[in-house]
Amino acid sequence: MTRDRGPSKFSPEVGIDLAGARKRVGTALNAGLAGVLLSILVVCVLVLAVAILHGTDATVLAKLAKWTPFLAQGFLLNVVMSLIAISAGTLGGIFLGMGQIAPFGWISWPSKVLTQIFRNAPWLVLLFYCIFLLPYQVRIAGQTFVVANWLRASIGLTIPVIANFSEIVRGAMQSIPSGQWEAARSLGYTWRQSVHQVILPQCIKRMLPPWMNLYAVLLMATPLASIVGTQEALTNLRTALQAEADGRLLLPFYAYLLSWFFIYSYPIARFSMRLEKRFAIH
Amino acid sequence: MKFFRALHERGGINLTIFYDPFDMSRFIHGLYLTVVLFLICAVASVLLGLFAVAFLTLPYRVPRAIVRGYVAFFRNTPPLVQIYFFYFGLGALVPTSRNAYGLPVAMVNNFDWALIALSLYAGAFNVEIFRAGIEAIHHSIVEAATALGYSKAATFLHVMVPLAWRISLPALSNNLIELLKTTTLAYAIGVPELLYVSNQIWSDNINTFAMMNVLMVVYLLLVGVVAIAMHRWERVLKLPGFGAAR
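Attention here is on the structure that accompanies the text. All values derive from a computational prediction rather than experimental measurement.

### Concerning the nonpolar core
Here is step 1 of the chain: Of all hydrophobic cores here, the largest spans 122 residues; its most connected members are Leu124(A), Tyr254(A), Leu257(A), Ile83(B) and Ala114(B).
Here is step 2 of the chain: Among the elements that line this core, the one with the most residues is helix H5 (residues 110-135) of chain B, at 13 residues.
Here is step 3 of the chain: Setting aside residues no more than four positions away along its own chain, Leu257(A) makes contact with Leu71(A), Ala233(A), Leu234(A), Leu237(A) and Val81(B).

### Re the packing of helix H2 (residues 21-57) of chain B against H5(B)
Residue and element names in this part refer to chain B.
Here is step 1 of the chain: Running from amino to carboxyl end, H2 crosses H5 at an angle of 45°, the nearest separation of the two axes being 6 Å. As far as their axial angle goes, H5 and H2 are oblique. The handedness of the crossing between H2 and H5 comes out as right-handed.

### A word on helix H3 (residues 61-75) of chain B
Here is step 1 of the chain: Between its first and last C-alpha, H3(B) extends 21 Å over 15 residues, near the 21 Å set by a 1.5 Å rise per residue.
Here is step 2 of the chain: Buried residues belonging to H3(B) abut helix H11 (250-279) of chain A together with H2, helix H4 (79-90) and H5 of chain B.

### Overview of the pairing of strand E2 (residues 143-146) of chain A
Here is step 1 of the chain: Strand direction decides the pairing type here: strand E1 (residues 137-140) of chain A and E2(A), joined by four bridges, are antiparallel. Bridge assignment links Gln137(A) to a residue of E2(A), and that residue is Val146(A).

### A look at the packing of H5(B) against helix H7 (residues 152-182) of chain B
All names here are of chain B.
Here is step 1 of the chain: As a packed pair, H5 and H7 sit with axes 8 Å apart at the nearest point and diverge in direction by 150°. The crossing of H5 and H7 is right-handed. On the side of H5, the interface is formed by Leu 118, Tyr 121, Ala 122, Phe 125, Asn 126, Ile 129, Phe 130, Gly 133 and Ile 134, while H7 contributes Met 160, Ala 164, Trp 165, Ile 167, Ser 168, Ala 171, Leu 172, Asn 175, Leu 179 and Thr 182.
Here is step 2 of the chain: Considering only residue class, the contact of H5 with H7 consists of 14 nonpolar, five polar and no charged.

About the criteria used
- Residues numbered from 1 in each chain as written.
- Chains lettered and ligands numbered in written order.
- Predicted model: local features only at pLDDT ≥ 70, side-chain atom pairs only at ≥ 80, totals over all residues.
- Core = buried A, V, L, I, M, F, W, Y, C linked by C-beta atoms within 7 Å.
- Buried ≥ 20, exposed ≤ 12 C-beta atoms within 10 Å, placed from the backbone.
- Helix = DSSP H or I, 4+ residues; strand = E, 2+ residues; numbered from the N terminus.
- Contact = placed C-beta atoms within 7 Å.
- Axes fitted to C-alpha atoms, helices over the stretch in contact; angles between N-to-C directions.
- Parallel < 35°, antiparallel > 145°, perpendicular 65-115°, else oblique.
- Left-handed = near helix turned anticlockwise from the far one by under 90°.
- Expected span 1.5 Å × (residues − 1).
- Pairing = 2+ DSSP bridges.
- Nonpolar A, V, L, I, M, F, W, Y, C, P; charged D, E, K, R; others polar.

What follows is the structure in structure tokens.
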């Protein structure tokens, strides 16, 4: 403490400079590295706790290493499901969001109602809907395709993403100064043209941080697919634990999976925070 | 009751919860558990958020780092895995007592673990919300309090918290709605809340679609109640000349 406060007491400039330097070092160190270090620390502490409670045992680490490829395979599915849901959800959300502020009542009312329903329903309930109600197989041009469980789960995750992104789009479009709308109109643009060529391009900057937040929330929701029987990371983890049938492995295995999600998500969260600060309107 | 029985027999919409006493009592108990889970977690997570934010305002590095680590960890890991981690991982370490039949009973049951996990999860988001609220207070107000002779603790408690609370309320109400939606995850560790009992009911009666619609409507109504209550509170607490003009 005293070490930090020392110089600033005598010459404020030095103090400010030091603070600036620390901030720069902090920025350079941030995101990925901090996330990795913190996760490793968490895993180490937990493994240590288990070792103290159950006597020293190196087999825990060996077991973690043994099941890593299997977990990675499941985690890949989590990432794939999240990417499908964010792509489809973003596309759907843009249209639903534009629909919400459309000047035609027969478009804007249904858009608003749909947005509110799917934004406020629990993700797990929507997931159940899609798992039970979507067809198990579809016939396209005489050919029968089986709809895999993970694909139905992805669709189930897409629905809340559409609704949440719809709100982000609406918020961003309404935050554009009305002068822009009026200017577009006075230049003879139709409503559709002014949205596509004037308003939406200006919204991208404002939508980016909440969109990244939404992606993080979505990724955190992908393990829900394990409840409805998708072979993703959490399912694979539980399979591994059943195969090992060893109570000492429970804590380190779950901590291990938590750290995987953390390492993937923390850099995104830091990046979106930085973007938010940079784009903040003062 | 007659109406819903007739609806089943003639209309093909089987809503057992409205005419079968057993299903009705199950459903109401599930609703009760969801509401209790939500209310306790809401209060606990708000208190947790306030305490953690108090630590953030202290000029000590270690408590600040702990709070930051807590927030980062709980915000960037899946709540479902957190719940499993608590229930299966930590639950295995908790000592068990024996009940009247001599069977082992965990001292912390699945409902308690759901409470703990959900409170910690929602609390992490509350910390960020309150931090933003405190940062939004203009420093001149804090200076004015200091000039009036308030101690640091009194400034925090009597000046900063009441103002930050008002600034944070809209974000807090969003987070509480998220929390209400997240209580469904207690399903995964067998807490018989609304989703769990609904699943039992639709498995017993094979009325999946009808029950799901009921479930959806009930959750939307609950969310609506929370949203309206929080909005009312916001208006009651509104200070004239403070906060964004509407």
